[in-house]
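Below, each chain spelled out in residue letters.
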Amino acid sequence: MIRDPRVAVIAAMLLLAACAPDSVSNYQATGFNAFLKTIQVQCSPLLLGGQEMSWALQSGAGDNNYVYFLDQTSKLYYQRIGPGGYREGLTAFFGAGYDRAINCVIAKLPAQ
């Protein structure tokens, strides 16, 4: 049993940080950050779920839609999911009709 509440707070913070996607927890993700800049410019307007993700990428702020997009895009970039899984995940979350944005992101992936 933890008697000092500060220890419990620190333990909770460490646990949450371990669950964060690479885009949030890895400040030295220079390759991923460059990829985000590329899709922000070259895929604009990056419309998903009626939201312009290029603006969210530029400002670094967004809602749950932006967080999900960033998490899935990080997984795609770091090859934790393939292009098919990326497409399926975004379509399931945002709905159909956003093929242009999804295809553009996939097309801008760096060569393996």
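Residues numbered from 1 in each chain as written. Predicted model: local features only at pLDDT ≥ 70, side-chain atom pairs only at ≥ 80, totals over all residues. Heavy atoms only, no water.

Asks: Looking at this structure, how should I read the nonpolar core?
Replies: What tends to happen in soluble globular proteins is that the nonpolar side chains get buried as a cluster. Ranked by internal contacts, the top residues of the largest apolar core, which has 23 residues, are Ile39, Leu46, Leu48, Leu57, Phe69 and Tyr86. When residues of this core are traced back to their parent elements, those giving at least two are helix 3 (30–42), helix 4 (53–59), helix 5 (64–77), helix 6 (83–94) and helix 7 (99–107). Among the elements that line this core, the one with the most residues is helix 7, at five residues. Residues in contact with Leu57, not counting those within four places in the same chain, are Leu36, Ile39, Gln40, Leu46, Tyr66, Phe69 and Leu70. (Core = buried A, V, L, I, M, F, W, Y, C linked by side-chain atoms within 4.5 Å. Buried < 20%, exposed > 50% of the residue type's maximum accessible area, 1.4 Å probe, protein only. Helix = DSSP H or I, 4+ residues; strand = E, 2+ residues; numbered from the N terminus. Contact = heavy atoms within 4.5 Å.)

Asks: Teacher, can you tell me more about helix 6 here?
Replies: Two residues of an α-helix separated by three or four positions point the same way, owing to the 3.6 residues in each turn. Compared with an ideal rise of 1.5 Å per residue, which puts 12 residues at 16 Å, helix 6 spans 16 Å between its outermost C-alpha atoms and is within 8% of the ideal. All of the buried residues along helix 6 are Tyr86, Gly89, Leu90 and Phe94. Projected onto a plane normal to the axis of helix 6, the buried residues spread over an arc of 105 degrees and lie on a single side. Every exposed residue of helix 6 that faces more than 90 degrees away from the buried side is listed here: Glu88 and Ala92. Looking at the residues trailing helix 6, positive phi occurs at Gly95, about 100 degrees. (Expected span 1.5 Å × (residues − 1). Arc of directions from axis to C-beta.)

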